[in-house]
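# Observations on chain architecture
Chain residues, written in single-letter form:
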Amino acid sequence: MKHNVCLLEAVNLALASEMRKDEEVVILGEDVGVNGGVFRATANLRDEFGLKRVMDTPLAETMIAGVSIGMASQGLKPIAEIQFMGFIFPALEQIICHAARLRNRTRGRLSCPLVIRAPFGGGIHAPEHHSESTEALLAHIPGLKVVVPSSPARAYGLLLAAIRDPDPVIFLEPKRIYRSQQQEVEDNANALPIGSCFTLREGSDITLVSWGAMITETLSAAESLSNEGVNCEVIDVATISPLDVETILISVRKTGRLVIIHEAPRTGGVGADISAIVAEQALLDLQAPVVRVTGYDTVMPYFRLEKHYLPNSQDIIDAVKQTVEFV
Amino acid sequence: MKTLPPLQYLDHEGQPSQPCPEWCNKPDWLLRCYHYMVLARQFDTKAIALQRTGQLGTYASLLGSEGIDVPVALSMKSTDVLVPYYRNHACQIIRGMPLEEAFLYWGGDERGNSSVQMGEDFPNAVPIATQSLHACGVASAFKIRNQKRAAVTFIGDGGTSKGDFMEALNVAGVWQLPVVFIINNNQWAISIPRQIQSAAAQLADKAVAAGIPGIQVDGNDPIAMHEAIHNALNRAYEGKGATLIEAVSYRLGDHTTADDATRYRSNDELKSAWERDPIKRLRNFLALQNFWDESKEQALLQETHQLVQEAANKYIEISPQKIDSIFDYLYAEPNSQLIEQKDWAIVKAMQGGSHFEGESS
């Protein structure tokens with residue numbers, strides 16, 4: 001059945017679809033039950049699947065992650081919600097020291113097929129600690145997969161893939177675009193591949209690489225630039241870890257120019273890694289230095305200043321012009 | 001709050017301090033328990049000797065925990081799940097971990113966590129208190145699936161100061177989970193004594209805030225431990241929820257082989273702790289019941305010594321895994337970066353090989 005849905009509703013569609021299909025899938029988190037999640041990502045699921053499969057937890061993030069690991073070791077497929085990514089930090093010890101390592105340290109005797117969902121990123125005038133983008137922290141951890149959808153259809157397909165994945169997946173939902181765009185999504189239980197970029201727009205002059213809410217800004221910049229005769233190829237990374245290096249390299253070899261856009265702080269960001277990979281493997285194909293358009297290396301500002309922190313389409317246009325004009 | 005003395009049936013000398021349960025009139029369980037307590041101590045002695053001679057890594061001695069781990073392991077069903085900390089080798093061995101694989105783990109090899117005999121039991125938790133939450137997750141799975149099983153998890157006295165432990169007690173209480181928490185209160189968290197770890201009169205009191213029963217037990221008394229763990233497991237099987245058992249013991253060894261406890265605790269304290277040795281206590285009780293004598297003791301020592309020696313020999317014969325193994329178990333399916341890095345590592349591990357040779361090929 002086709003649904004005209006926003007990203008948030010697509011998340012809900014995917015959760016319901018997989019819970020109908022697989023009895024081992026359970027949901028736990030703060031306010032996910034009666035309230036359906038503070039953003040309503042789990043709306044109506046408790047009514048359909050009951051208390052034993054949609055569990056409101058005590059208010060303790062470490063516990064949510066630790067209990068999910070225990071459940072996953074028993075073959076359940078827990079989907080834990082961390083209410084905002086800014087509150088994931090108490091859970092990091094459990095995620096890094098246990099979820100990411102259980103398969104390796106038991107040489108496959110036990111495994112940890114869990115999903116941790118968290119809304120992330122800025123742009124909605126949220127309170128302090130509600131707008132961070134710390135995906136690079138998680139991408140640095142061997143044993144995890146880190147996925148970021150940027151449209152309703154990709155949220156649906158990638159979340160299905162995350163739930164079916166035999167290893168722990170961190171699923172970061174860009175809350176700035178939770179409700180901002182509607183799209184036809186077929187509720188057909190078809191997953192999209194984890195570990196593959198999505199080329200959203202083909203172009204021959206320059207490659208723009210981004211993910212999450214920044215895809216919206218990037219596509220808008222590409223549209224403006226096309227009116228000025230600059231053809232941008234836009235790649236949605238979608239899976240931060242493991243990176244689909246090939247798709248990026250093939251595009252850069254074609255265009256010879258690369259701008260990477262992310263909302264997270266610049267230093268140690270995933271953009272640095274993409275830039276390094278291109279320098280290692282496609283240096284001689286480059287016709288201009290790689291440029292990064294990123295957040296600053298500051299604390300994510302409280303909302304009065306967040307628009308100055310977040311990269312926008314004009315920043316991207318400026319970076320692209322600088323790159324294509326480089327001789 | 002009224003504080004009861006710890007549950008105890010045998011005093012330091014192995015004399016009943018109150019009438020023992022009916023089953024103590026038969027030798028079966030008591031002799032099995034004694035056998036494994038002696039085996040555990042033989043394993044421990046050998047592990048320390050291997051470490052001191054450079055044949056094992058840093059090792060956490062189990063000395064002084066035999067009276068806790070052995071009754072717990074003997075009381076658990078194979079369908080229950082053990083979620084250990086890092087001092088439960090006795091429990092793990094009784095539940096099926098081959099002795100040589102116990103050595104293998106402390107010898108720096110992940111295969112020590114991998115044997116099929118360990119079933120669904122968790123590997124050792126090295127980060128403090130994290131395991132308490134895994135046990136709650138395992139118990140949640142049992143409850144969701146309506147299985148009559150229990151998760152049993154251990155922690156040290158130091159670990160009870162961590163948030164994970166309190167979060168675990170809390171969720172176990174509110175979700176009425178089939179889980180048993182056992183604190184091995186051996187009085188020392190490396191150099192930090194019990195009295196500066198917590199102002200609680202008993203660590204078992206921490207159960208009160210979670211709304212679950214907490215009981216303090218003499219952890220050097222295997223009969224008391226048997227009673228406590230049986231009651232707790234039965235509560236779990238019957239759907240009545242979680243129990244916290246504080247087993248009061250003493251860490252008769254160093255924290256690990258990397259520690260030197262003479263730096264921070266007195267010989268007098270250690271000497272008096274040895275008077276409460278759980279093995280001596282059970283042996284005295286067995287002799288009192290006419291279940292034991294010196295010739296049986298010698299035969300048992302010889303038998304367990306030989307088992308441990310054979311396992312140590314097997315362990316020493318086991319070659320390290322190939323470097324491939326660090327890539328092979330990270331994910332169910334390795335990604336392309338890992339496949340590439342594995343090739344580099346294989347070349348680098350060859351005689352005269354280098355990382356860059358692999359990378360350019």
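Residues numbered from 1 in each chain as written. Chains lettered and ligands numbered in written order. Predicted model: local features only at pLDDT ≥ 70, side-chain atom pairs only at ≥ 80, totals over all residues.

## Section: the confidence of the model for chain B
Keep this limit in mind: pLDDT gives the predictor's per-residue confidence on a scale running from 0 to 100.
On average, residues of chain B score 96 in pLDDT, and 98% of them reach the 70 mark or higher. Here the complex is predicted with pTM 0.97, and the ipTM for its interfaces comes to 0.96.

## Here's the deal with the nonpolar core
Selection criterion: Buried Ala, Val, Leu, Ile, Met, Phe, Trp, Tyr and Cys residues whose C-beta atoms connect them within 7 Å together make up a nonpolar core. Residue burial is a threshold on neighbouring C-beta atoms within 10 Å of the residue's own C-beta, all placed from the backbone, with 20 or more meaning buried, 12 or fewer meaning exposed, and counts in between meaning partly exposed. Numbering of helices and strands starts at the N terminus; helices are DSSP runs of H or I of at least 4 residues and strands are runs of E of at least 2. Contact between residues is assigned whenever the C-beta positions, reconstructed from backbone atoms, fall within 7 Å.
By size, the foremost hydrophobic cluster in this structure holds 206 residues, and its most contacted members are Val-259 and Val-320 of chain A together with Phe-103, Val-179, Val-180 and Ile-245 of chain B. The biggest single contributor to this core is helix α1 (residues 27-52) of chain B, with 11 residues. Every residue in contact with Val-180 of chain B, bar those within four places of it in the chain, is listed here: Ala-150, Val-152, Ile-229, Ala-232, Leu-233, Ala-236, Ala-242, Thr-243 and Ile-245 of chain B.

## Re the sheet that holds strand β1 (residues 81-83) of chain B
Residues and elements named next belong to chain B. Convention followed: At least two DSSP bridges between two strands are needed for those strands to be called paired. Note on geometry: axes are C-alpha line fits, over the in-contact stretch for helices, and angles between N-to-C directions span 0 to 180 degrees.
If you trace the 5 strands from one edge of the open sheet to the other, you get β1-β2-β3-β7-β6, paired in parallel fashion. Strands with a single pairing partner mark the edges of an open sheet, and in this sheet they are β1 and β6 (214-218). Going from strand to strand, the sheet's axes swing by 20° on average, the running direction of each strand aside. For β1 and strand β2 (residues 151-156), the ladder comprises 3 bridges, and the chain directions are parallel. Looking at β2, one finds that Val-81 is bridged to Ala-151. The sheet contacts of helix α8 (residues 222-237) involve β3 (179-185), β6 and β7 (243-248), and relative to β7 the element is tilted by about 170°.

## Thoughts on the environment of Ser-140 of chain B
If you trace the backbone, Ser-140 of chain B turns up in helix α5 (residues 130-144). Placed 32 residues apart in sequence, Ser-140 of chain B and Ala-172 of chain B show a C-alpha to C-alpha distance of 8.7 Å. Residue contacts for Ser-140 of chain B: discarding those within four places in its chain leaves Val-67, Gly-70 and Met-71 of chain A together with Trp-175 and Leu-177 of chain B.

## Considering the domain arrangement of chain B
The line we're drawing: An automatic or database domain assignment supplies the residue ranges for each domain.
Domain boundaries assigned for chain B yield domain 1 (22-317) and domain 2 (325-360). For domain 1 of chain B and domain 2 of chain B, the distance between their C-alpha centroids amounts to 39 Å.

## Focus on the pairing of β6 of chain B
Residue and element names in this part refer to chain B. The criterion, for reference: Here, the term right-handed applies to a crossover whose path from the first strand over the helix to the second runs clockwise when the strands point away from the viewer.
Most of β6 is tucked away, with 5 of its 5 residues classed as buried. Every second residue of β6 is oriented toward a common face, with Gly-214, Gln-216 and Asp-218 on one face and Ile-215 and Val-217 on the other, all of them buried. For β6 and β7, the ladder comprises 5 bridges, and the chain directions are parallel. Residue Val-217 lies in a different strand from β7, and its bridge partner there is Ala-247. This β-α-β element, β6 to α8 to β7, shows right-handed connectivity.

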